[in-house]
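Observations on chain architecture
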Amino acid sequence: NHYFAKYQNVGGLVVSNPVMVKGYKVGQVRSIKYNFADEKMPFVVEIAINDDVKLPLGTTLLLADEGLLGGKIIDIAFGGGTKFYGKGDTIVSDVSTGLLAALGEIMPKLENTLNNLDTTVNALKLIASSPSLHSGVNSFGKTMEDLNATLAQLKSATASLPQTMNNLNRISANLDTKLSELDLQKIIAELETTIGELNGFAQKLNNKDSSLGLLLNDKAVYNNLDQTIQSANALLVDLKANPKRYVNITVFGKKEKK
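Residues numbered from 1 in each chain as written. Predicted model: local features only at pLDDT ≥ 70, side-chain atom pairs only at ≥ 80, totals over all residues. Heavy atoms only, no water.

Here we take up the side chain of Lys72. Along the chain, Lys72 falls in strand E6 (residues 72-77). Accessibility expressed as a relative area gives 18% for Lys72, which makes it buried. Among the polar contacts made by the side chain of Lys72, one reaches the side chain of Asp65 at a distance of 2.7 Å. With residues near it in sequence (within four places) discarded, Lys72 still touches Val10, Gly11, Gly12, Leu13, Asn17, Pro18, Leu63, Ala64 and Asp65. (Helix = DSSP H or I, 4+ residues; strand = E, 2+ residues; numbered from the N terminus. Buried < 20%, exposed > 50% of the residue type's maximum accessible area, 1.4 Å probe, protein only. Polar contact = N/O pair within 3.5 Å; in protein donor to acceptor, adjacent residues only side chain to side chain. Contact = heavy atoms within 4.5 Å.)

A few words on a nonpolar patch on the surface. A cluster of nonpolar residues, Phe140, Met144, Leu147, Leu151 and Leu154, forms a patch on the protein surface that exposes about 480 Å² of accessible area. Residue Leu151 is classed as partly exposed on the basis of its relative accessible area of 47%. (Patch = residues over 30% accessible without salt bridge, like charges linked within 9 Å, V, L, I, M, F, W, Y side chains within 5 Å. Areas by Shrake-Rupley, 256 points an atom, 1.4 Å probe, with all protein chains shown as cover. Salt bridge = Lys/Arg side-chain N within 4 Å of Asp/Glu carboxyl O.)

Quick look at the pairing of E6 now. Strand direction decides the pairing type here: strand E2 (residues 18-21) and E6, joined by two bridges, are parallel. Within E6, the position partnered with Val19 by the bridge is Ile74. Summarising the sheet, strand E5 (residues 60-65) and E6 pair through six bridges and their orientation is antiparallel. For Ala64, the partnering residue across the bridge sits in E6 and is Ile73. (Pairing = 2+ DSSP bridges.)

So, on to the pattern of salt bridges. Taken as a whole and assessed by the stated rule, the structure comprises two salt bridges. Across the pair Glu46 and Arg30 runs a salt bridge whose closest N-O atoms are separated by 3.6 Å. With a gap of 16 residues between them, Glu46 in strand E4 (residues 43-49) and Arg30 in strand E3 (residues 24-34) connect regions that are remote in the sequence. Across the pair Asp65 and Lys72 runs a salt bridge, and its minimum N-O distance is 2.7 Å. A relative accessible area of 28% means that Asp65 is categorised as partly exposed.

Next up on the list: the packing of aromatic side chains. Under the defined criterion, the tally for this structure stands at two aromatic pairs. With a centroid separation of 4.7 Å and 65 degrees between ring planes, the pair formed by Tyr34 and Phe36 is classed as edge-to-face. With a centroid separation of 5.0 Å and 80 degrees between ring planes, the pair formed by Tyr34 and Phe43 is classed as edge-to-face. Here the aromatic residues Tyr34, Phe36 and Phe43 are joined through ring pairs into a cluster of three or more. (Phe/Tyr/Trp six-rings, centres within 6.5 Å; stacked < 30°, edge-to-face > 60°.)

Position of Ser93 among the secondary structure elements: in strand E7 (residues 93-95). In this structure the C-alpha to C-alpha distance between Ser93 and Thr60, which are 33 residues apart in sequence, comes to 5.3 Å. Ignoring any residue separated from it by four or fewer positions in sequence, one finds Ser93 in contact with Ala5, Lys6, Tyr7, Thr60 and Leu61. There is a polar contact of 2.4 Å between the side chain of Ser93 and the backbone oxygen of Lys6.

It is worth stressing that arrangement in space is one thing and function is another; only the former is reported here.
Set out below in structure tokens:
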């Protein structure tokens with residue numbers, strides 16, 4: 001069966017080149033013509049394939065590379081339609097990106113990547129040879145040693161924590177026991193008795209009939225007592241100033257007057 005496909009550029013495709021299905025040859029290129037009236041797709045390629053190979057609608061004839069060093073082929077990519085192309089139909093065409101073309105696109109990117117990688121390697125070498133890096137590594141090692149020592153001390157300090165908590169619980173239990181043993185009612189009764197005695201003493205002080213009440217509340221008693229104290233003070237002063245008035249001094253050896 002003969003079919004047609006149109007291409008913008010055949011890229012080295014020649015008559016008798018194979019037509020393949022997943023690497024299996026099912027036909028070959030029968031003719032290649034140039035259509036000057038069609039500027040977009042001027043190359044018209046006619047293929048002949050085995051008549052037992054049916055091409056469903058949606059099939060694409062790909063212009064592809066046969067290998068890294070091989071020529072061009074037509075590779076059939078079957079469509080998913082339920083109906084089929086008839087003899088002499090023009091089938092949709094496309095160009096498969098070959099390995100060399102892909103390498104041509106990849107090589108500039110790969111070269112740029114290699115340049116960046118080389119720059120990165122040089123930077124890493126510079127960092128690795130820096131004295132500050134070695135100093136930082138040594139400092140980090142010292143920090144880890146200090147951290148390990150701190151963790152060991154913390155572990156040692158917390159080892160006695162359960163025993164400390166047991167002691168605290170025991171002290172709390174003892175304190176609860178001591179408090180429960182106190183006779184609070186007896187203490188309250190004694191306090192009430194003491195307060196009552198204080199109240200009685202205060203009432204006696206305020207009672208004018210008692211001795212303390214008279215001293216505190218009777219103004220006449222206070223005045224008499226004050227006058228008595230003043231008289232006693234005056235007498236003491238005069239006694240010191242004129243002792244002869246109150247004391248009869250006898251000179252030893254002098255005869256008494258009859």
